[in-house]
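Below, each chain spelled out in residue letters.
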Amino acid sequence: MTTLPHRFVHALDRFNAAHPWDHNAHYHRWIMRQLPRSFGTALDVGSGTGDLARLMATRAAAVDAIDSDPATVARAQAMTPPDAPVTFTTADALTGIPAASYDVITCVAALHHLPFNDALAHFRRHLAPGGTLVVVGLWHAQTPGDHLLSAAALPLNAATGWIKNKGRTALPPASMTAPVRPATMGFAEIDRETRHVLPGARLRRRLFWRYTLVWHQH
């Protein structure tokens, strides 16, 4: 497939760096629409600086938020009101989840840091009957369709950064300071492997190099 000219790509990179915006937070409102109006307990895996955990705390009795990076966890704690029902913990997603079941489990832009099948199976074990798992993950462009969607996202990405920053240059928001890693799995592989572990899961490829996954425990 023909690639975009390097000069164009570098120009977009410079523009995006000057007008940054959080692609993960873009999906937070969508995530909340997948969840009950109120619920007991929630777990946010790869919680970063805690934006989603704090948002879920407006509906949940208690939210456990775990992230593997101590500096990011410390920043999340500092940004969270002391009376918010959120507990931030530095922990590994496969070994550090508290021995509990949750009504809601979320995982945003963190699943590609983990062994994919093992992580989904682990989340399933910790989801209470009737509970909801919501994942916003990253996919790696592999097919012609992937590359077309990626190309379509480029101008929208720049326009969104311009609008969100009101045309001004800006520093990255706190939520974009956590460690990152590129995705390696294509959407077709993600879809196939998910259905082995979570039959009936709803997956959809999204703009801005993301996909969404929703699954309900029976």
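Right above here is the structure, for reference.
A. Geometry of unusual backbone geometry. Despite not being glycine, F208 has its phi angle at roughly 60°, a positive value. By secondary structure assignment, the location of F208 is in the loop between β6 (202-206) and β7 (210-216). Even without a glycine there, the phi angle at W209 is positive, about 60°. Looking at where W209 falls in the secondary structure, it is placed in the loop between β6 and β7. A relative accessible area of 23% means that W209 is categorised as partly exposed.

B. Quick look at helix α5 (residues 116-126). For α5, the full list of buried residues reads F116, A119, L120, H122, F123 and H126. Within α5, the buried residues cover an arc of 160° as seen down the axis, which keeps them to one side. Along its buried surface, α5 packs onto β1 (39-45), β4 (102-108), β5 (127-138), α7 (187-197) and β7.

C. Focus on the nonpolar core. If you look at the biggest cluster of nonpolar residues, it comprises 31 residues, and the most contacted ones within it are L111, F123, Y211 and L213. Ranked by the residues each element gives to this core, the list is headed by α5, at four residues. Residue contacts for L213: discarding those within four places in its chain leaves L120, L133, V134, V135, T194, L198, A201, R202 and L203. A57, V86, V104 and V108 belong to the second largest nonpolar core, which has 28 residues in total.

D. Expanded view of the packing of aromatic side chains. What the rule picks out here adds up to two aromatic pairs. Ring geometry for F187 and Y211: centres 6.4 Å apart, planes at 65°, overall edge-to-face. In this pair, F187 sits in helix α7 while Y211 sits in strand β7, placing the two residues 24 residues apart along the sequence. Relative to W209, the ring of F208 lies with its centre 6.4 Å away and its plane at 55°, an arrangement referred to as tilted.

E. Up close: the sheet that holds β7. The strand order across the open sheet built from seven strands is β3-β2-β1-β4-β5-β7-β6, with neighbouring strands paired in mixed fashion. With partners counted over all chains shown, the strands left at the sheet margins are β3 (86-90) and β6, one partner each. On average, each strand axis in the sheet is inclined to that of its neighbour by 15°, with strand direction left out of account. Judged from the six bridges that link them, β4 and β5 form a sheet pairing that is parallel. Across the sheet, the residue bridging to I105 is L133, located in β5. Against the sheet, α5 touches β1, β4, β5 and β7, its axis set at about 150° to β5.

F. Representation of the pattern of salt bridges. This structure, assessed with the given rule, holds four salt bridges. Between R205 and D146 there is a salt bridge, with its nearest N and O atoms 2.2 Å apart. Of this pair, R205 sits in strand β6 while D146 sits in helix α6 (residues 144-164), placing them 59 residues apart in sequence. A relative accessible area of 34% places R205 in the partly exposed class. Looking at D146, the relative accessible area reads 2%, which means it is buried.

Analysis parameters
- Residues numbered from 1 in each chain as written.
- Predicted model: local features only at pLDDT ≥ 70, side-chain atom pairs only at ≥ 80, totals over all residues.
- Heavy atoms only, no water.
- Helix = DSSP H or I, 4+ residues; strand = E, 2+ residues; numbered from the N terminus.
- Buried < 20%, exposed > 50% of the residue type's maximum accessible area, 1.4 Å probe, protein only.
- Arc of directions from axis to C-beta.
- Contact = heavy atoms within 4.5 Å.
- Core = buried A, V, L, I, M, F, W, Y, C linked by side-chain atoms within 4.5 Å.
- Phe/Tyr/Trp six-rings, centres within 6.5 Å; stacked < 30°, edge-to-face > 60°.
- Pairing = 2+ DSSP bridges.
- Axes fitted to C-alpha atoms, helices over the stretch in contact; angles between N-to-C directions.
- Salt bridge = Lys/Arg side-chain N within 4 Å of Asp/Glu carboxyl O.

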